[in-house]
Amino acid sequence: MHSSRTHVTAIPAARPSAAESHFAAGFSFETDCWDVHDGLRKGPDFVLIDVRSPQLFAQGHVPGAINLPHGKIVESKLAAWPKETLFVTYCAGPHCNGAARGALRLARLGRPVKIMAGGVTGWLDEGFELNSTTSAGPCA
């Protein structure tokens, strides 16, 4: 006898109320490239942090981002921003956990933080351009 169940249906879906809570909570942890692009265009109410190396930042980064590698995120580097400032981190893309590492460091410092889902890969997939520079910026 052949089962009509697939791996998709073998585990039942969550109750709609549980799914609503789960997916709604996700938006408090991440944003996407389109929303970041729109926010930057309107005049950002957040600070966008590229957590990659200064070399990768110089090769191409989201316009308006600052370079602060995740390993260098310390309170002294954040002193210029009020405690309630929202930080948004990104890295190379979905294959990279640098954005999460940076977000964890910011959260441990008591700072509001979200991840830009997709990183540089997602940014380019949306058709947005990167800036390149010869300097890593003020925070590197």
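All figures in this text were calculated on a predicted structure; none of them were measured in a lab.

Peer 1: What is the right way to read the packing of aromatic side chains from this model?
Peer 2: Pairs of aromatic rings are described using the distance from one ring centre to the other and the angle between the two planes. In total, this model carries three aromatic pairs according to the counting rule given. Judged by centre distance (5.6 Å) and plane angle (90°), the ring pair of Trp81 and Phe87 falls under edge-to-face. Look at Phe87 and you get buried, because its relative accessible area is 0%. The interplanar angle of 55° and the centroid separation of 4.8 Å between the aromatic rings of Trp123 and Phe128 together place this pair among those described as tilted. Relative accessible area serves as the criterion here: at 2%, Trp123 is assigned to the buried category.

Peer 1: Looking at this structure, I do not really get helix H6 (residues 98-108). What am I missing?
Peer 2: Because each turn of an α-helix spans 3.6 residues, side chains separated by three or four positions end up pointing in the same direction. Listed in full, the buried residues belonging to H6 are Gly98, Ala99, Gly102, Ala103 and Leu106. One side of H6 holds all its buried residues, which, seen down the axis, span an arc of 135°. At the exit of H6 stands Gly110, carrying a positive phi of roughly 80°.

Peer 1: Looking at this structure, how should I read the environment of Leu109?
Peer 2: Topologically, Leu109 is positioned in the loop between H6 and strand E5 (113-117). The exposure class of Leu109 is partly exposed, given its relative accessible area of 25%. With 35 residues separating them in the primary sequence, Leu109 and Val74 have C-alpha atoms 7.6 Å apart. With residues near it in sequence (within four places) discarded, Leu109 still touches Ile73, Val74, Glu75, Leu78 and Lys83.

Peer 1: Quick question: what am I supposed to make of the confidence of the model for the chain here?
Peer 2: Parts of the model with low pLDDT should not have their predicted coordinates read in detail. Taken over all residues, the pLDDT of the chain has a mean of 93, while the share at 70 or more is 93%. Every residue in residues 135-140 scores below 50 in pLDDT, and together they form 13 contacts with partners more than four places removed in sequence or on other chains.

Peer 1: Just checking my understanding: could you explain the side chain of Thr85 for this structure?
Peer 2: As for its position among the elements, Thr85 is in the loop between helix H5 (75-78) and strand E4 (87-90). In terms of polar contacts, Thr85 uses its side chain to reach the backbone carbonyl oxygen of Pro82, at 2.8 Å. Sequence-distant contacts of Thr85, defined by excluding residues within four places in its chain, comprise Val47 and Pro112.

Criteria and cut-off values
- Residues numbered from 1 in each chain as written.
- Predicted model: local features only at pLDDT ≥ 70, side-chain atom pairs only at ≥ 80, totals over all residues.
- Heavy atoms only, no water.
- Phe/Tyr/Trp six-rings, centres within 6.5 Å; stacked < 30°, edge-to-face > 60°.
- Buried < 20%, exposed > 50% of the residue type's maximum accessible area, 1.4 Å probe, protein only.
- Helix = DSSP H or I, 4+ residues; strand = E, 2+ residues; numbered from the N terminus.
- Arc of directions from axis to C-beta.
- Contact = heavy atoms within 4.5 Å.
- pLDDT = per-residue confidence, 0-100.
- Polar contact = N/O pair within 3.5 Å; in protein donor to acceptor, adjacent residues only side chain to side chain.

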